[in-house]
Structures are given as C-alpha cells and as structure tokens.
Amino acid sequence: MAAVAAVVLALLFAAAATVASARSDGSSSTADSTPAGDSADAGFARDMSVHHQQAVEMSFIVRDRTDNAEIRRLAYDIANTQANQRGMMLGWLNLWGLPVTDAGTQPMSWMGMGEEPPTNGALMVGMATSAQLQKLGKAGGKQAEILYLQLMTAHHKGGIHMAEGCVELCKVPVEKKLAQGMVDAQQSEVLLMADLLKARGATATAAR
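S.K.: Explain helix α4 (residues 130-138) to me, please; I cannot follow it from the model alone.
M.R.: Structural remark: α-helix, 3.6 residues per turn; residues separated by three or four positions point the same way. Along α4, the residues classified as buried are Q132, L133 and L136. The arc enclosing the buried residues of α4, seen along the axis, measures out at 100°, which places them on a common side. Seen from the open side of α4, the exposed residues pointing more than 90 degrees away from its buried face are S130, A131, Q134 and K138. Those residues of α4 hidden inside the fold are in contact with α2 (40-63) and α5 (141-169).

In structure tokens, the structure reads:
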C-alpha cells in the first residue's frame, strides 16, 4: 500500500509540475505553440503514457512475487519514475487541450517510419502480451525475477526506440528533454538488468 501511495503522489505532483514546467519553458503557453493532435509531440505523449503504464503494472506484480531486495528496489524505482513521467505527459495533453487517447490512430504512427504492430499481439514494440503478464503473475521467486527482467529489458528497448523518435521529431523543448532523459536512464537500466540476469544464470532473451 505504501508503494501504491507513493506512485499516486508522484502522479499528482507530476501533473502539477507539468503545468509549471510547460509554461515556464514557454513552449506550450500560447495557441501558436500548442502541438496539433496528429503531431509527434501528441503521439509520443499518448503512446509513451500507455507504454509506461504497463511498466508500472509489471513492477507491482514482481514486487508481490519475490522477496529479493535488489529486484524489489529496481521495480519500485521503475514504477515510481515511470508513473511520474506518465503524469507529466498526460498533463501536457490536458494542457494542450488534446485527448489522451486516439482510437483511430495506430500506435507509433507518429514516428513516420512505417512502424508495424508487433506480430506477437502486443500493443507496441517491447510491450508484454497478456499471456506474458499472466505468466509473470503466476511465477514466484527466481523464476519471477528472471521473467520480469527479461520482459522489462524488452520493454525498455521498445521505449528507448520510441523516445529516440521524440528526440528527433518532437518540437516542444521540455518534451524533447524528457524523452532524452528516458533514453539515458533506460539504457543504464538495461545494462543493470543484464547483470542481474547474468547473476541468475539467464539472458535477456525475450520471455514467451
């Protein structure tokens, strides 16, 4: 419950900070600088919010499936960070007067790179499938730790790919800065998770 409360507080503080940061940045305080609904800025905010939500979900699952302090600490850090960032992105969409979802648009189409949906049934590149989430929820101990690390490694790599797209295509400076921060932080966590998997006699091969 304490972990859940911390994440909820992170979302609330992020939403408040979003308005202040966006306006102080000067990038979204006027109608002329408000991104269009089909812009990379809006697409990234929507898609990465969904991507982040699943990372938070997986992190809470594994915290209940293992007693390992190192894994639980990593899971909490990921959940807290990504819940905070998700709150910021949803806050920007609200500030811009744009819907937080767009059912008529294919995820990641804003990247303009001919992005195709994953063939395994996942919503976006790197995201876990329903079957994988169910498997994680049923695993325990070392098995849960390995599965989480494998799923989260793939998740981070998909997130890095998307964030790099925003760094290149987004126009709002504060959003580009956030995207670059995601790239840097998640690349570091991918390396950490590789070490944690190695210590458990496993690799980052995508979990099935």
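S.K.: Would you mind going over the side chain of Q54 with me for this structure?
M.R.: Along the chain, the position of Q54 falls in helix α2. On the basis of relative accessible area, Q54 is assigned to the buried category, the value being 8%. A polar contact is formed between the side chain of Q54 and the backbone nitrogen of A128, at a distance of 2.7 Å. Of note is the side chain of Q54, whose polar atom sits 3.4 Å from the side chain of H155. Sequence-distant contacts of Q54, that is, excluding residues within four places in its chain, are made with M127, A128, L133 and H155.

S.K.: Looking at this structure, I do not really get the packing of α2 against helix α3 (residues 69-95). What am I missing?
M.R.: A pair of packed helices is characterised by two quantities: the angle between their axes and the separation of those axes. Relative orientation of the contacting elements α2 and α3 amounts to 155°, with a least axis distance of 8 Å. With respect to each other, α2 and α3 are oriented roughly antiparallel. Of the two possible hands of crossing, α2 and α3 adopt the one that is left-handed. Counted by class, the contact of α2 with α3 contains 16 nonpolar, six polar and four charged residues.

Thresholds, definitions, all that
- Residues numbered from 1 in each chain as written.
- Predicted model: local features only at pLDDT ≥ 70, side-chain atom pairs only at ≥ 80, totals over all residues.
- Heavy atoms only, no water.
- Buried < 20%, exposed > 50% of the residue type's maximum accessible area, 1.4 Å probe, protein only.
- Helix = DSSP H or I, 4+ residues; strand = E, 2+ residues; numbered from the N terminus.
- Arc of directions from axis to C-beta.
- Contact = heavy atoms within 4.5 Å.
- Polar contact = N/O pair within 3.5 Å; in protein donor to acceptor, adjacent residues only side chain to side chain.
- Axes fitted to C-alpha atoms, helices over the stretch in contact; angles between N-to-C directions.
- Parallel < 35°, antiparallel > 145°, perpendicular 65-115°, else oblique.
- Left-handed = near helix turned anticlockwise from the far one by under 90°.
- Nonpolar A, V, L, I, M, F, W, Y, C, P; charged D, E, K, R; others polar.

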